[in-house]
Amino acid sequence: MSENLAADATATSRSLSDHRVLIPLSLFALYVIWGSTYLGIRFALESYPPFLLAGIRFLGAGVALYGFLRWRGLAAPTPRQWGNATFTGLLLLGMGNGLVCFAEERVSSGIAAVAVASMPLFAALFTGMYGQWPSRRESVGLVIGFVGVIVLNLGSSLSGSRLGALALLTAAACWAFGSAWSRGRDMPKGPMNTAAQMLTASIALLAFGFISGEHLPSHPATRATLAVIYLGVFGSIIAFSAYLYVLKHARPALATSYAYVNPPVAVLLGILVAGEHLGPYDLLGMAIILGGLVVITMAKQKRQVASTASA
């Protein structure tokens, strides 16, 4: 009996030790890798057109992840799950990521990351469509965040490209609506959901790219091709796996904290590596948007604590 207890204690200690190491490493991957994908998109666009770029990225990552999961014995999605994953993937990856690639032909990678940071603001609104309207404090955060979006659009970076600004805000709204719509749906389980979304979205992106007249480069630059590989392997597979690990073994608020860190990381990398510049309106807009997100997150945590206490 004592030997079994000792073995259980050792296993628990080892598990806690693993989490202490793996959770910080996973968070580092989320903060740095997902923050760097905006710069990776910019480099890839040097040779690849936007929608074919996104399609190639998700096709390669989707095939690799789906094949690995099936090899590990995970069941294939049912027809209904394929349908739900297709609709969600079109919104999140097709419209969301595809329009970000399209916008980055017109605006800097740092500005793109800051604009996409408005996604949780749209998400808070769309969840109201399914009976979860924002509380008073969450509404205050929404107002603050959308003021930041307005300030950001007053800056020279986005005001000089209205089409780029519209594409980024549409991308954020599509990602938010897709996230809200998919809740409670019959989706594929675990990472198979991601694989299915990447596969179906890649088909739509490639089809739209070719129909709209895009062409694959005959002699792509080495840096651009390496950026595509980086986006597929690190951005789409490794970072998402890290996200799932943190989501499973830590508080949800910690897993979603990347939303606050990615924009500053993207801005810093854009300045240091690509020589991008941000004006005062850009920096002020980023600060206001992040402030609004902090207010919304704190309000949600307080609501969850109150719900748990009253249950």
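What counts, and at which threshold
- Residues numbered from 1 in each chain as written.
- Predicted model: local features only at pLDDT ≥ 70, side-chain atom pairs only at ≥ 80, totals over all residues.
- Heavy atoms only, no water.
- Patch = residues over 30% accessible without salt bridge, like charges linked within 9 Å, V, L, I, M, F, W, Y side chains within 5 Å.
- Areas by Shrake-Rupley, 256 points an atom, 1.4 Å probe, with all protein chains shown as cover.
- Salt bridge = Lys/Arg side-chain N within 4 Å of Asp/Glu carboxyl O.
- Helix = DSSP H or I, 4+ residues; strand = E, 2+ residues; numbered from the N terminus.
- Axes fitted to C-alpha atoms, helices over the stretch in contact; angles between N-to-C directions.
- Left-handed = near helix turned anticlockwise from the far one by under 90°.
- Contact = heavy atoms within 4.5 Å.
- Nonpolar A, V, L, I, M, F, W, Y, C, P; charged D, E, K, R; others polar.
- Buried < 20%, exposed > 50% of the residue type's maximum accessible area, 1.4 Å probe, protein only.
- Expected span 1.5 Å × (residues − 1).

Here the focus is a nonpolar patch on the surface. A cluster of nonpolar side chains, Leu-226, Ile-229, Val-233, Phe-234 and Ile-238, forms an exposed patch at the surface whose accessible area comes to about 410 Å². Checked against the element boundaries, Phe-234 lands in helix 10 (residues 222-249).

Take the packing of helix 3 (residues 79-103) against helix 9 (residues 191-211) next. The description of two helices packed together rests on the angle between their axes and the distance between the axes. Running from N to C, helix 3 and helix 9 point in directions that differ by 65°, and their axes come no closer than 7 Å. Where helix 3 crosses over helix 9, the handedness of that crossing is right-handed. Where helix 3 approaches helix 9, its residues Trp-82, Ala-85, Thr-86, Thr-88, Gly-89, Leu-90, Leu-92, Leu-93, Gly-94 and Gly-98 are matched on the opposing element by Asn-193, Ala-196, Gln-197, Met-198, Leu-199, Thr-200, Ala-201, Ala-204 and Leu-205. Among the residues forming the contact of helix 3 with helix 9, the class breakdown is 11 nonpolar, eight polar and no charged.

The next thing to look at is the environment of Leu-121. Within the secondary structure layout, Leu-121 lies in helix 5 (residues 119-126). In the structure, Leu-121 is positioned 18 residues away from Ser-139 in sequence and 9.5 Å away in space, judged by C-alpha atoms. Look past the residues within four positions of Leu-121 in its chain and what remains in contact with it is Gly-141, Leu-142, Gly-145, Phe-146, Val-149, Leu-293 and Ile-296.

Our focus in this paragraph is the side chain of Ser-109. Relative to the helices and strands, Ser-109 is located in helix 4 (residues 109-116). Using a relative accessible area of 1% as the deciding quantity, one classes Ser-109 as buried. Sequence-distant contacts of Ser-109, that is, excluding residues within four places in its chain, are made with Tyr-38, Leu-39, Arg-42, Glu-104, Ala-266, Gly-270 and Glu-276.

Right, let's talk about helix 8 (residues 162-182) for a bit. The end-to-end C-alpha distance of helix 8, which contains 21 residues, comes to 30 Å, matching closely the 30 Å that a straight helix rising 1.5 Å per residue would cover. Positive backbone phi, at 80°, marks Gly-184, one or two positions downstream of helix 8.

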